[in-house]
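Reading the structure
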Amino acid sequence: MKQEKFDLIFSLGGNCTAAHNLRYRKMRFYSLPFDWCYIKDIKPIEVLTKCFKDGDFSKLLNKNNMKELGINPSHLDKIQYQDTYSGYIFANHFTAKIENGGFDIVKNAFNRRIKRLLKLIKNSNKIMLILTTNFEFDISKIQLLKQILEKRYPNKNFIFKIMIFNSVNHQEIIEESIYLNKYTRDFNDNDFLETNDEWKYLDNIKLNTPFLTLMKFYFLQGIIRLIPKKSWRKELRRRYYVQ
């Protein structure tokens, strides 16, 4: 991709590689709902499309739909759950089982992040959505999501970057602001811990200063106050990134 500026970049999930590579490049300024969510098929994107279409995300991550998948072998202090309604797998979120009170903390954080994402989309003009998978799927699923977003948020420019690993063929497809790259290799540790050549497209992207976007939240929420110059980064990180 050529060098471009964006107001917002966020992950649709798949796994945590997109969120990691944004953070690795100091481009991840917000905690957003799907950063660390895994998917095994395209169903979560279909459900997410419906959520954007209806403007209703309330059916995501409901206690009655949560299926325990056991301890995360990569994070032994985390219990994995799958939302059977959406198909999203919450692999790194639960530090306690649902029956032991682990649900409310995750649910409250997820709701905050959904609300934050919707506000960010509203206050952004050029937006990139990243999806990473290790399975093939029909690009029409992404085309439909793009159409729904464009209908719900007219006059905004949505760009999709789709990365499919473990593919049969190495291939690049560019179609109406959808950039789809297929790679024959599977994920490796660098995708999750450092970075790889496939992520270099992020080096050609510049994010517009998030400070101005974050300041809009203060005014929208009626929070008008002065922040000492030396502490604004720490304050904004605490309020919008950590939570």
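Figured I'd write up the structure that's included with this text. (Residues numbered from 1 in each chain as written. Predicted model: local features only at pLDDT ≥ 70, side-chain atom pairs only at ≥ 80, totals over all residues. Heavy atoms only, no water.)

Structurally, Asn 181 is set in strand S10 (residues 178-182). Taking the C-alpha atoms as reference points, Asn 181 and Ser 167, separated by 14 residues in sequence, lie 9.7 Å from one another. Filtering out sequence-adjacent residues up to four positions away, Asn 181 remains in contact with Lys 161, Ile 162, Met 163, Ile 164, Gln 171 and Glu 172. A polar atom in the side chain of Asn 181 sits 2.5 Å from the side chain of Lys 161. (Helix = DSSP H or I, 4+ residues; strand = E, 2+ residues; numbered from the N terminus. Contact = heavy atoms within 4.5 Å. Polar contact = N/O pair within 3.5 Å; in protein donor to acceptor, adjacent residues only side chain to side chain.)

Looking now at the environment of Glu 99. You can see Glu 99 is positioned in the loop between strand S6 (89-94) and helix H3 (103-122). Between the C-alpha atoms of Glu 99 and Lys 63, which are 36 residues apart in sequence, the distance is 9.9 Å.

Next up on the list: the sheet that holds S10. The five strands lie next to each other as S2-S7-S8-S10-S9, forming an open sheet whose pairing is mixed. Single-partner strands in this sheet number two, and they are strand S2 (8-11) and strand S9 (171-175). Each adjacent strand pair in this sheet contributes to an overall mean axis angle of 15 degrees, direction not counted. In this sheet, strand S8 (residues 157-164) lies alongside strand S7 (residues 126-133) in parallel orientation, the contact comprising eight bridges. Across the sheet, Thr 133 pairs through a bridge with Ile 164, a residue of S8. Against the sheet, helix H4 (residues 140-152) makes contact with S7, S8, S9 and S10, and its axis sits at roughly 160 degrees relative to S8, the strand it touches most. (Pairing = 2+ DSSP bridges. Axes fitted to C-alpha atoms, helices over the stretch in contact; angles between N-to-C directions.)

Taken in spatial order, the four strands of this open sheet run S3-S6-S5-S4, and their pairing is antiparallel. The two strands at the open ends of the sheet, each matched to only one other strand, are strand S3 (37-38) and strand S4 (66-72). Direction of pairing for strand S5 (residues 75-83) relative to S6: antiparallel, over a ladder of three bridges. For Ile 79, the partnering residue across the bridge sits in S6 and is Phe 94.

Here we take up the pattern of salt bridges. Per the counting criterion, the structure on display carries eleven salt bridges. With its nearest N and O atoms 3.6 Å apart, the salt bridge here joins Glu 68 to Lys 97. Of this pair, Glu 68 sits in strand S4 while Lys 97 sits in the loop between S6 and H3; the two residues are 29 residues apart in sequence, bridging distant segments of the chain. Ionic pairing is found between Arg 185 and Asp 191, a salt bridge with its closest N-O pair at 2.8 Å. What you see here is one network of salt bridges that share partners, running through Arg 185, Asp 191 and Glu 198. (Salt bridge = Lys/Arg side-chain N within 4 Å of Asp/Glu carboxyl O.)

The full count for this structure, using the stated rule, is twelve aromatic pairs. Residues Tyr 81 and Phe 94 carry aromatic rings whose centres are separated by 4.6 Å and whose planes lie at 55 degrees to one another, so their mutual orientation is tilted. In this pair, Tyr 81 is assigned in strand S5 and Phe 94 in strand S6, connecting sequence segments 13 residues apart. Take Phe 94: its relative accessible area is 0%, and that puts it in the buried class. One Lys or Arg, Lys 126, reaches over the ring of Phe 6 and ends 5.0 Å from the middle of that ring. (Phe/Tyr/Trp six-rings, centres within 6.5 Å; stacked < 30°, edge-to-face > 60°. Buried < 20%, exposed > 50% of the residue type's maximum accessible area, 1.4 Å probe, protein only. Lys NZ or Arg CZ within 6 Å of the ring centre and 35° of its normal.)

Every α-helical turn comprises 3.6 residues, leaving residues that sit three or four positions apart pointing alike. Under the 1.5 Å per step criterion, the end-to-end length of helix H2 (residues 43-54) is 17 Å for twelve residues, consistent within 8% with the ideal 16 Å. For H2, the full list of buried residues reads Pro 44, Ile 45, Val 47, Leu 48, Thr 49, Cys 51 and Phe 52. Lining the buried residues of H2 we find H3, S7 and H4. In the stretch just after H2, Gly 55 is the one whose phi turns positive, near 70 degrees. (Expected span 1.5 Å × (residues − 1).)

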